[in-house]
Amino acid sequence: MRTTELVDGFRHSASYVNAHRGKTFVVMLGGEALAQQQFRSIINDIALLHSLGIKIVLVHGARPQIDQALADNSLPAEYYNGVRITEEESLRVIKQVVGGLHLDITARLSMSLSNTPMQGAQINVVSGNFVIAQPLGVEDGVDYCLTGKVRRIDSQGLKRQLDNSGIVLLGPVAASVTGESFNLTAEEVATQIAIKLKADKMIGFSSQKGILDSTGQVLAELMPTDAQKILNDLPEVAPFCVGTKAFLQASIDACRNGVSRCHFVSYLDDGALLQELFSRDGIGTQIVTESAERLRRASIRDIGGILDLIRPLEQKGILVRRSREQLEMEIEQFMLIERDDLVIGCAAFYPFEEDNAGEFACLVVHPEYRDADRGSLLLQNIIGQARVRGYSRLFALTTRSIHWFLEHGFNMVEVDELPEKKKQLYNYQRKSKILALDL
């Protein structure tokens, strides 16, 4: 990586480091991920998140390891409606498998060797009876035996451990109030913990880069309703489907119960977790309660973000320079598009009441976000504002974007057609083209 790329990447990630510090993440690491070579790197990355001040509950699964262990012990792997039936002898094997994985993860999180990102770090890994289980019971005459479900989460106990800078590590086996052990699904444990803790994020892993569309492209963002439609269409049998369907359903449930974002990334891509959390566009799929992007009116706290956006174009002479003082006085005229607290687009609307007209000005979209027609979104918003005011015309001045305005219905006009006050300010040396849209 070139030095400039390293510096740019570090600068771009800084805002996310600040945004995530002190937040609570529930990470669900399925048994499929634990079986991969990337397992060690994922655990190191989770430890790195902890070092950045993120509170982490790590819930691990063991589905493929349990299936293999049952087969090795000549025990049947029985299911009903996709749920494992856990006999007493099976649970004995399951507890051995889960316990072994639990110790492996703890050992990895305890490393502070010079060849890991966590050199010199001391991480307290905490486990305990934070999850209380109860039997799943009988369905359609089928007894699930020692398969259980979550009855209660000790959220206060979890918070105390997180506030004491521990990583809480939990698996898919939990005890009941009667002292029995039950086999749960890691997805349900993670979901219920995320809901009870009001976690900021829940994160899961898959062999895929995320949820894919019909062309094989990653869907960067899904609302719960759209995710449910995709879930309903997933095939019953596919190499990736068990984990994908389980976590997708878990994400939908979590979002509908107050967890604002659930992330889905690949355990096969080295560093996918970090790329998803610390880059503008991420690398996987988010299931969200509201879009990461929003269009809103600017406020005084947005001055810095708008200046960062418009300064490069002012320096090239594409935009007329605005001082910070001028921008502060005009801030209420600006609309902006915000993504993860970053201003990625803006435009201003200047009214000329006496001429029954308005000016569309200072349209800028961040270079990395110019492929989704965000400029048109800003334009449509300001056209709407002009119509609400009853204006008959919207005009714009530009030196570079003439065709863009023509494509959006504007027509070229002369200086004489500008509002009187704007005409007096027209810079004949700059020779900006004037375009108007009749409303």
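Rules of the game
- Residues numbered from 1 in each chain as written.
- Predicted model: local features only at pLDDT ≥ 70, side-chain atom pairs only at ≥ 80, totals over all residues.
- Heavy atoms only, no water.
- Helix = DSSP H or I, 4+ residues; strand = E, 2+ residues; numbered from the N terminus.
- Buried < 20%, exposed > 50% of the residue type's maximum accessible area, 1.4 Å probe, protein only.
- Pairing = 2+ DSSP bridges.
- Axes fitted to C-alpha atoms, helices over the stretch in contact; angles between N-to-C directions.
- Contact = heavy atoms within 4.5 Å.
- Arc of directions from axis to C-beta.

**Student:** What am I meant to see in the environment of R160 here?
**Tutor:** Mapped onto the secondary structure, R160 falls in helix α6 (residues 155-163). Look at R160 and you get exposed, because its relative accessible area is 52%.

**Student:** How should I be thinking about the sheet that holds strand β20 (residues 357-365) in this particular structure?
**Tutor:** The strands that make up a sheet pair up through hydrogen bonds in the backbone, lying either parallel or antiparallel. An order of β17-β18-β19-β20-β21-β23-β22 is seen for the seven strands of this open sheet, with the pairing classed as mixed. The sheet is open, and its two edges are formed by β17 (293-297) and β22 (411-413), each paired on a single side. The mean angle between the axes of side-by-side strands here comes to 30 degrees, regardless of whether they run parallel or antiparallel. Across seven bridges, the pairing between strand β19 (residues 342-352) and β20 is antiparallel. When the bridges of β20 are listed, Y350 appears paired with E359. The strands touched by helix α11 (residues 303-315) within the sheet are β18 (334-339), β19 and β20, with β19 carrying the most contacts at an inclination of about 80 degrees. Here helix α13 (residues 374-388) sits on the sheet in contact with β17, β18, β19, β20, β21 (393-398) and β23 (433-438), set at roughly 30 degrees to β19.

**Student:** Just checking my understanding: could you explain α6 for this structure?
**Tutor:** For an α-helix, 3.6 residues make a turn, and residues three or four places apart therefore share a direction. Of all the positions in α6, only S155, G157, L158 and L162 are classed as buried. Along α6, the residues classed as buried sweep out an arc of 160 degrees about the axis, all on the same side. The outward face of α6, more than 90 degrees from its buried face, is lined by the exposed residues R160 and D163. Contacts made by the buried residues of α6 are with β1 (24-29), β2 (55-60), β9 (148-153), β10 (166-170) and α7 (186-197). Two residues or fewer past α6, S165 is found with a positive phi of approximately 70 degrees.

These figures capture arrangement, not role.
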